[in-house]
Amino acid sequence: HSISSLKKLYITFCDDINFTREINFKKNIIGVITTTDIAKKFKSKTVWAVNDPRTIFFSVQNKTLDKFLNLKTKIGKNLKRKPTTFIENKGVIIGNNVTLGHGVIICAGTTIGDNCKIGPYSCLGGEGYQYQRTIKSKSEILSVRHTGGVSIGDGVDIKEFCSIHRALFSWDLTVIDDNSKIDSNSHIGHGCKVGKSVFLCSHSNLSGNNFVGDNSYIGPGANVPNRITIQSNVKLSIGSTVTTDIE
């Protein structure tokens, strides 16, 4: 995780010494929120030593601005929508020839391309699932604010009761690329990148920050845990649970 700064420079956190080498290697990470013990491992970064780096990091994230709330909603030609659809009046862009079914919710930060169909009661751009327990008490839970967006390409079909969460950080997007088809009751978590012409069958789950390459097939009920990468032209059979990257 990282919080964007100017010129795409980043601040991140580190509470695991195993990640210090990777963070030191990345020149675009200029600052690290970490513990006193780990702080000495960072020689060329600005360091803030605290007791609970993860909670402090997400507390800072909760104070960042939602840039989409400053943008007016724009709707293209020939939108077909039911009376029960809801489109936020800020931060939404909808292309031409889009169809929205009953009960569809389009939240701020969502862009939909041309010739898309969104089925009944699907929600695009909802708040992602990110909570953080503090070290003070396991019963004290921080809800983490999302400020990223959702980008839906051209020719995408999304069936009923699907959820696509907005990305966590303002510099990031959850992406469904051109001509992908998502069946009913599927979930796509924050920051996922789904390529072109991908099939996500009914009840499939991408937990968050996943990559799915072009022309892949995610079978019914398949479960892809957080940060797993699936390359192009991969087929997952019904009920699969993926535990490692697939090339």
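The structure we're discussing is the one just above.
The present account deals with the structure reproduced in this document. Being a predicted model, the structure only gives us computed values, none of them experimental.

Description of the overall build of the protein chain
Right, on to step 1. Assigned secondary structure in the protein chain consists of three helices and 29 strands.
Right, on to step 2. With respect to the three principal axes, the spread of C-alpha positions in the protein chain is 60 × 40 × 35 Å.
Right, on to step 3. For the protein chain, the accessible surface area stands at approximately 13,000 Å², while carbon and sulfur atoms represent 52% of it.

A look at the nonpolar core
Right, on to step 1. Judged by nonpolar contacts, the single largest core of 34 residues is most densely connected at Ile152, Ile158 and Ile164.
Right, on to step 2. Beyond its immediate sequence surroundings of up to four residues, isoleucine 158 is in contact with Lys117, Ile118, Gly119, Ser122, Leu124, Ile152, Ile164 and Ile182.
Right, on to step 3. If you look at the next biggest cluster of nonpolar residues, it comprises eight residues, including Ile33, Phe57, Phe58 and Val144.

Overview of the sheet that holds strand β27 (residues 223–224)
Right, on to step 1. Strand order in the open sheet formed by seven strands is β7-β10-β13-β18-β21-β24-β27, with parallel pairing between adjacent strands. In this open sheet, the two edge strands, each paired with only one partner strand, are β7 (86–87) and β27.

Overview of the side chain of serine 180
Right, on to step 1. Looking at the secondary structure, you find serine 180 in the loop between β19 (173–176) and β20 (181–182).
Right, on to step 2. Judged by relative accessible area, which is 0%, serine 180 ranks as buried.
Right, on to step 3. Of the polar contacts made by the side chain of serine 180, one reaches the backbone oxygen of glycine 195; its length is 2.7 Å.
Right, on to step 4. A distance of 3.4 Å separates the side chain of serine 180 from the backbone nitrogen of serine 197, its partner in a polar contact.

Quick look at the packing of aromatic side chains
Right, on to step 1. Scanning the model with the defined rule gives eight aromatic pairs in all.
Right, on to step 2. With a centroid separation of 5.2 Å and 75° between ring planes, the pair formed by phenylalanine 57 and phenylalanine 58 is classed as edge-to-face.
Right, on to step 3. When its relative accessible area of 0% is taken as the criterion, phenylalanine 57 is described as buried.
Right, on to step 4. Residue phenylalanine 58 is classed as buried on the basis of its relative accessible area of 1%.

Thoughts on the pattern of salt bridges
Right, on to step 1. With the rule as written, the count across this model stands at six salt bridges.
Right, on to step 2. One salt bridge connects arginine 54 with aspartate 15, and the closest N-O pair in it is separated by 3.0 Å. You can see arginine 54 sitting in helix α3 (residues 53–61) and its partner aspartate 15 sitting in the loop between β2 (10–14) and α1 (20–25), a full 39 residues away along the chain.
Right, on to step 3. Residues aspartate 172 and lysine 193 are paired through a salt bridge, measuring 3.0 Å at the closest nitrogen-oxygen approach.

Description of a nonpolar patch on the surface
Right, on to step 1. Residues Tyr129, Tyr131 and Ile141 make up a contiguous nonpolar surface patch of about 380 Å² in total accessible area.
Right, on to step 2. By secondary structure assignment, the location of isoleucine 141 is in strand β15 (residues 141–143).

Rules and cut-offs
- Residues numbered from 1 in each chain as written.
- Predicted model: local features only at pLDDT ≥ 70, side-chain atom pairs only at ≥ 80, totals over all residues.
- Heavy atoms only, no water.
- Helix = DSSP H or I, 4+ residues; strand = E, 2+ residues; numbered from the N terminus.
- Areas by Shrake-Rupley, 256 points an atom, 1.4 Å probe, with all protein chains shown as cover.
- Core = buried A, V, L, I, M, F, W, Y, C linked by side-chain atoms within 4.5 Å.
- Buried < 20%, exposed > 50% of the residue type's maximum accessible area, 1.4 Å probe, protein only.
- Contact = heavy atoms within 4.5 Å.
- Pairing = 2+ DSSP bridges.
- Polar contact = N/O pair within 3.5 Å; in protein donor to acceptor, adjacent residues only side chain to side chain.
- Phe/Tyr/Trp six-rings, centres within 6.5 Å; stacked < 30°, edge-to-face > 60°.
- Salt bridge = Lys/Arg side-chain N within 4 Å of Asp/Glu carboxyl O.
- Patch = residues over 30% accessible without salt bridge, like charges linked within 9 Å, V, L, I, M, F, W, Y side chains within 5 Å.

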